[in-house]
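# Descriptive analysis of the structure
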Amino acid sequence: MPDDLHQRYQAAHRAWQTHIALCPRCTDNPACRDGQRLHETFARLQDAYLNRLHQRPRR
């Protein structure tokens, strides 16, 4: 079964990448409001996913 947190983090990354590819403001200024929001969501989900990986018992 796919990991829901991993799927959400990957979807957030795709949304951010799509936005910066299509947003003329992000071409010159990566801090447009929408782009910044999408990047923050991606970063927060990525951090949560990586933190969870580090907390799992090692085999």
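First, a word on scope: everything that follows refers to the structure included in this document.

About the criteria used
Residues numbered from 1 in each chain as written. Predicted model: local features only at pLDDT ≥ 70, side-chain atom pairs only at ≥ 80, totals over all residues. Heavy atoms only, no water. Axes fitted to C-alpha atoms, helices over the stretch in contact; angles between N-to-C directions. Helix = DSSP H or I, 4+ residues; strand = E, 2+ residues; numbered from the N terminus. Parallel < 35°, antiparallel > 145°, perpendicular 65-115°, else oblique. Left-handed = near helix turned anticlockwise from the far one by under 90°. Contact = heavy atoms within 4.5 Å. Nonpolar A, V, L, I, M, F, W, Y, C, P; charged D, E, K, R; others polar. Salt bridge = Lys/Arg side-chain N within 4 Å of Asp/Glu carboxyl O. Buried < 20%, exposed > 50% of the residue type's maximum accessible area, 1.4 Å probe, protein only.

The subject of this paragraph is the packing of helix α1 (residues 4–22) against helix α3 (residues 33–55). It is at 8 Å that the axes of α1 and α3 come closest, and there the two elements cross at 155°. Considering their axes alone, α1 and α3 lie roughly antiparallel with respect to each other. Between α1 and α3 lies a crossing of left-handed hand. Residue-level inspection shows Leu5, His6, Arg8, Tyr9, Ala12, His13, Ala15, Trp16 and His19 of α1 in contact with α3, the latter providing Asp34, Gly35, Leu38, His39, Thr41, Phe42, Leu45, Gln46, Ala48, Tyr49 and Arg52. Broken down by class, the residue content of the contact of α1 with α3 amounts to ten nonpolar, seven polar and three charged.

The next subject is the pattern of salt bridges. Scanning the model with the defined rule gives two salt bridges in all. Note that Arg52 and Asp3 form a salt bridge whose closest N and O atoms lie 2.2 Å from each other. Of this pair, Arg52 sits in helix α3 while Asp3 sits in the segment before α1, placing them 49 residues apart in sequence. Residue Asp3 is classed as partly exposed on the basis of its relative accessible area, which comes to 28%. When the shortest N-O distance is used, the salt bridge between Arg8 and Asp4 registers 3.2 Å. Placement of the pair is Arg8 and Asp4 together in helix α1, with a separation of four residues, close to one helical turn. On the accessibility criterion, Arg8 (42% relative accessible area) is partly exposed. For Asp4, a relative accessible area of 48% gives the class partly exposed.

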